[in-house]
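# What the coordinates show
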Amino acid sequence: MQLLIQSIITGILLGGLYAAIGVGMSIIFGIMGLTNIAHGNLMILSAFFVLIFTTAMGVNLISSILIAIVLMVIIGFLFQKFLVNAVIDKGDTPALLVTFGLSIIIQNILEIIFGADARSIRSNFATVNVVDTEYFSISGAYLTNFIVAILVIAALTLIFNKTDIGRAIRATSDNTKAAELMGVHTKFIFAVAMAIAMVTACIAGFLVGNTFVFYPYSGTQYLIIAFGVVVIGGMGSIVGTLLGGMILGLAQLLGAYFFGTGNQILSGYIFMLIILTIKPDGLLSNKKRA
Amino acid sequence: MNKDIILSVEDIDVYYGDFLAIHNVSMNVKAGTITSIIGANGAGKTTLLDTIMGLNKPRKGKIVFEGEDITGMRTSAIVRKGLSMAPEGSMVFEGMSVKENLLMGAYAPKSRKMRSELMEKVFLLFPVLKEKENQLATFLSGGQRQMLAIARTIMSNPKLIICDEISLGLAPVIINDIYDKVKEINETGITFLIIDQEVQRSIEHSDYSYVMVSGSIVLQGVASELPEDEVKDAFFGINKYA
């Protein structure tokens with residue numbers, strides 16, 4: 001019984017982290033129809049940035065994260081402006097390949113610089129159990145993940161619904177030609193969206209580095225999680241991402257509880273397939289089927 | 001250059017890849033008028049409008065709006081000059097409320113400043129949009145969508161409104177409503193350039209008409225004076241024009 005309660009709580013909290021991992025990918029897909037294969041690698045790149053600033057340069061954690069966010073926003077903006085925008089009108093495949101190329105480049109540069117060793121940016125807070133009762137316990141890292149994820153999703157929802165730039169992003173996602181006719185410079189909006197996605201990737205990268213160990217090649221592992229989250233929640237839906245993250249997290253932990261820890265990942269994806277069968281567009285998709 | 005002319009298209013060629021979609025098209029739109037373009041499907045009407053709005057770039061020729069060369073300008077810049085288009089199929093933002101759609105219409109900085117004023121004007125013209133302001137556009141009827149599309153153009157405080165396929169898929173009663181609104185808006189001094197699939201109606205509601213056949217303009221004139229037979233011939237591509 002204790003283990004079941006613990007599994008459910010951990011599943012939900014882990015789901016928060018998964019949502020943070022998936023949300024950037026969901027934004028990019030929803031707005032540009034672009035599957036960003038490099039999303040996981042960009043997260044890991046951010047984690048390495050935070051690692052360098054905190055360990056090698058002695059900057060405090062919060063400042064390190066902020067500097068990493070600024071760097072990632074610049075990288076995202078340039079990546080969009082000079083690489084993706086150049087090919088996005090030529091169909092889905094060229095842009096997809098550009099992100100694929102970027103993912104390989106990031107992995108290899110990280111490996112050249114840092115080697116293939118496991119790294120971690122665990123803060124002191126991360127490993128402490130902040131809640132410790134008879135039935136369950138919650139570690140600092142998991143609680144941080146969950147709270148930060150909720151804040152990120154809430155902030156994004158606010159930006160998208162209440163600001164002019166947010167509305168322009170949604171309009172562009174809804175109908176690019178019509179948005180252009182309203183005077184929206186849609187390619188600029190794409191770059192803004194990429195920059196926002198980079199902020200979330202950077203935050204997710206830090207959370208992952210604060211919770212688990214990571215390697216230069218960890219990006220792929222998190223890309224797959226992002227895919228799962230986005231597919232379950234519905235491509236392009238921000239709130240759907242939170243739902244998708246929690247469902248995937250719960251499915252994994254409950255799968256581990258009922259079928260053994262070896263089946264944790266498997267049960268998560270079996271659950272994803274079940275949802276896909278029932279609702280092929282995901283739970284809260286904003287894209288209509290023709 | 002005649003000051004009455006708000007928009008002039010001079011000798012443009014537009015290609016899609018190697019395909020010549022529009023050839024040597026010239027036209028003038030007089031300020032304050034309702035001007036229409038008539039032509040069968042595939043005659044290049046939509047291509048012409050898209051090109052005026054900067055969505056396509058002409059390979060040759062130029063487009064002048066209020067004496068300023070806007071050829072090759074980005075659409076967002078053209079909208080800021082005072083041109084606005086209600087595209088074919090209305091293209092409202094389905095996932096956004098009616099109000100948000102209207103706010104998007106006033107996205108350009110100049111119109112953004114006066115958007116509450118413009119919104120009032122629009123709601124006065126289209127009371128039904130006021131009733132549904134908080135509903136998602138996806139739940140609107142075809143006629144309401146077209147009204148929203150036109151209302152959205154007004155939100156940019158334009159001098160010229162372009163309507164592509166203004167009556168496509170709408171019931172006759174609704175079409176009359178929409179033309180009444182167009183007339184009403186036109187009387188406030190906004191010029192219209194309209195495409196309507198139905199020739200007769202198009203001519204009836206406009207001051208001046210252009211007839212397009214396979215990418216070229218073959219006939220033009222004061223709408224009420226256009227010889228009906230020749231328009232028909234042109235429309236069906238009878239020899240003389242083919």
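The following paragraphs examine the structure supplied in this document.

Cut-offs and rules
Here, residues in each chain are numbered from 1, in the same order as that chain's written sequence. Going through the entries in the order they are written, you letter the chains from A and number the ligands from 1. Two thresholds apply to this predicted model, a pLDDT of at least 70 for residue-level local features and 80 or more for giving and counting side-chain atom pairs, whereas whole-chain, interface and lining totals are computed over all residues. Values shown for side chains rest on all heavy atoms present in the structure; no hydrogens or waters enter the calculation. It only takes one pair of heavy atoms within 4.5 Å for two residues to be counted as in contact. Buried surface area refers to the total accessible area, computed with a probe of radius 1.4 Å, that the two partners give up upon joining, counted for both partners together. What makes a salt bridge here is a side-chain nitrogen of Lys or Arg within 4 Å of a carboxyl oxygen of Asp or Glu, nothing more. Helix and strand definitions here come from DSSP, where helices need a minimum of 4 consecutive H or I residues and strands a minimum of 2 consecutive E residues; each element is numbered from the N-terminal end. Each residue receives one of three labels: charged for Asp, Glu, Lys and Arg, nonpolar for Ala, Val, Leu, Ile, Met, Phe, Trp, Tyr, Cys and Pro, and polar for the others, Gly being one of them. To pair, rings of Phe, Tyr and Trp, with the six-membered ring standing in for Trp, must have centres within 6.5 Å; the planes then decide the type, stacked if under 30 degrees apart, edge-to-face if over 60, and tilted in the middle. Whether a residue is buried, partly exposed or exposed follows from its accessible area with a 1.4 Å probe, protein chains only, as a fraction of its type maximum: under 20%, in between, or over 50%, in that order. If DSSP finds at least two bridges between two strands, the strands pair.

Moving on, we come to the interface of chain A and chain B. Listed by partner, the interface residues are 20 residues for chain A and 26 residues for chain B. On the chain A side of the contact with chain B, R167, L181 and M182 of chain A bury the most area, a combined 34% of that side's loss. Inspection of the region where chain A meets chain B yields four salt bridges. The partner of R112 of chain B in a salt bridge is D164 of chain A, with the nearest N and O atoms 3.7 Å apart. Secondary structure elements with two or more residues in the side of chain A that touches chain B: α6 (164–174) and α7 (176–181) of chain A. Its residues assigned to classes, the side of chain A that touches chain B comprises nine nonpolar, four polar and seven charged.

What follows deals with the packing of aromatic side chains. Applying the stated rule across the entire model yields seven aromatic pairs over all chains. On the numbers, 6.4 Å between centres and 75° between planes, the contact of F77 of chain A with F188 of chain A is edge-to-face. Here F77 of chain A is found in helix α3 (residues 61–87), whereas its partner F188 of chain A is found in helix α8 (residues 186–211), with 111 residues between them in sequence. With a relative accessible area of 27%, F77 of chain A lands in the partly exposed category. On the numbers, 5.4 Å between centres and 55° between planes, the contact of Y208 of chain B with Y210 of chain B is tilted.

For the rest of this paragraph, the subject is the sheet that holds strand β2 (residues 19–30) of chain B. Strands pair in a sheet through their backbones, by hydrogen bonds, and they do so in one of two ways: parallel or antiparallel. Residues and elements named next belong to chain B. Pairing in this open sheet of four strands is antiparallel, and the strands run β2-β1-β4-β5 from one edge to the other. The open sheet terminates on both sides in strands that have one partner only, identified here as β2 and β5 (68–69). Strand direction decides the pairing type here: strand β1 (residues 5–16) and β2, joined by eight bridges, are antiparallel. For V14, the partnering residue across the bridge sits in β2 and is I22.

Overall, the coordinates contain 14 salt bridges over all chains when judged by the stated rule. E133 of chain B serves as the salt-bridge partner of K130 of chain B, at 3.3 Å between the closest nitrogen and oxygen. E133 of chain B gets classed as buried once you look at its relative accessible area, which sits at 16%. The salt bridge partner of E187 of chain B is K183 of chain B, with a shortest N-O separation of 3.9 Å. Of this pair, E187 of chain B and K183 of chain B both sit in helix α8 (residues 172–187), four residues apart, which is roughly one turn of that helix. With relative accessibility at 60%, the residue E187 of chain B sits in the exposed group. Linked by salt bridges that have partners in common, D164 and R167 of chain A together with R112 and R115 of chain B make up one network.

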